[in-house]
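# Structure at a glance
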Amino acid sequence: MKLLRILILAFISVALLMGPSYAQEFITIEGEVTRVLKLSIKDLEKYPVAEIKIKDQKGEEHVYRGTALSVLLDSAGVTLGRNLRGENLTKYVLVTAVDNYQVVYSLAEIDPEFASNLVLLTTHVDGKPLPKGEGPFRLVNQIDKRHARWIREIRSIKVLFSK
Ligand SMILES: Nc1nc2c(c(=O)[nH]1)N[C@H]1C(S)=C(S)[C@@H](COP(=O)(O)O)O[C@H]1N2
Ligand SMILES: [Mo]
């Protein structure tokens with residue numbers, strides 16, 4: 001009986017250490033980039049951390065942690081900052097999830113030199129990895145009052161020209 005208890009405890013500990021099992025473990029950043037990025041949660045740890053403390057749709061406050069999307073796009077060579085002008089301003093970011101849900105952001109609303117919005121590629125909420133069905137990656141942003149663009153289970157992030 002004691003052995004069984006130890007086995008069950010060991011199993012639970014291993015399951016907790018492994019974290020949630022996701023439908024997809026990585027995302028790609030592609031399209032109008034100079035370098036395609038394929039990122040897992042581990043890869044994202046190499047980038048600077050940013051947090052947003054914000055209410056969810058139910059009005060409950062949470063701390064979302066991840067990396068600013070602008071930092072990742074910059075690392076993929078996307079036109080931001082001084083290069084975000086002229087025809088580059090017609091580029092948009094198409095985000096696709098595992099369930100084929102899609103949302104669009106414009107580059108200008110992601111770029112901190114343009115907008116005071118923070119668009120965060122999150123991996124953690126309240127100190128824990130995003131739950132199954134939500135993670136490993138979810139976009140959260142400061143500005144939207146409705147959270148329909150807080151896209152869960154992201155599969156790809158594509159930068160595209162609108163013409
Ligand atoms: N992948 C994916 N993300 C999604 C959706 C979806 O259908 N699929 N629905 C969106 C909508 S319409 C809302 S309101 C929020 C709801 O977030 P919640 O489930 O955390 O409350 O998730 C958004 N993210
Ligand atoms: Mo929604």
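Above this text sits the structure in question.
Parameters and conventions
Residues numbered from 1 in each chain as written. Chains lettered and ligands numbered in written order. Predicted model: local features only at pLDDT ≥ 70, side-chain atom pairs only at ≥ 80, totals over all residues. Heavy atoms only, no water. Buried < 20%, exposed > 50% of the residue type's maximum accessible area, 1.4 Å probe, protein only. Helix = DSSP H or I, 4+ residues; strand = E, 2+ residues; numbered from the N terminus. Pairing = 2+ DSSP bridges. Core = buried A, V, L, I, M, F, W, Y, C linked by side-chain atoms within 4.5 Å. Contact = heavy atoms within 4.5 Å. Near = heavy atom within 4 Å. Polar contact = N/O pair within 3.5 Å; in protein donor to acceptor, adjacent residues only side chain to side chain. Areas by Shrake-Rupley, 256 points an atom, 1.4 Å probe, with all protein chains shown as cover. Nonpolar A, V, L, I, M, F, W, Y, C, P; charged D, E, K, R; others polar.

### Describing the pairing of strand β2 (residues 37–40)
- Only one face of β2 is covered, namely the face carrying L37 and L39; the face carrying K38 and S40 is uncovered.
- The pairing of strand β1 (residues 26–31) with β2 spans four bridges and is antiparallel. Note that in β2 the partner of I29 across the bridge is L37.
- Hairpin geometry of β1 and β2 is characterised by an intervening segment of five residues between the two adjacent antiparallel strands.

### Considerations on the nonpolar core
- Grouped together as the largest cluster of nonpolar side chains are 29 residues, with contacts concentrated most on I29, L73, V93, L121, L139, I154 and I157.
- Of all elements in the fold, only β1, β2, α3 (69–75), β5 (91–97), β6 (102–106), α4 (107–110), β7 (119–125) and β10 (154–161) reach the threshold of two or more residues within this core.
- Excluding residues that lie within four positions of it along the chain, L121 makes contacts with I27, L44, R65, G66, T67, L69, L72, F137, R138, L139, I154 and I157.
- A50, I52, Y64 and L120 belong to the second-largest nonpolar core, a separate cluster that totals 10 residues.

### Structural notes on the site of ligand 1
- Taken together, Q57, A97, D99, Y101, R138, H147, A148, W150, I151 and R152 form the complete shell of residues around ligand 1.
- Contacts to ligand 1 include D99, whose side-chain N or O atom sits 2.8 Å from a nitrogen atom.
- Between an oxygen atom of ligand 1 and a side-chain N or O atom of R138, the distance comes to 2.9 Å.
- In the complex, the protein chains occlude 69% of the 540 Å² of accessible area that ligand 1 would expose alone.
- Tallied by class, the residues present in the shell around ligand 1 amount to five nonpolar, two polar and three charged.

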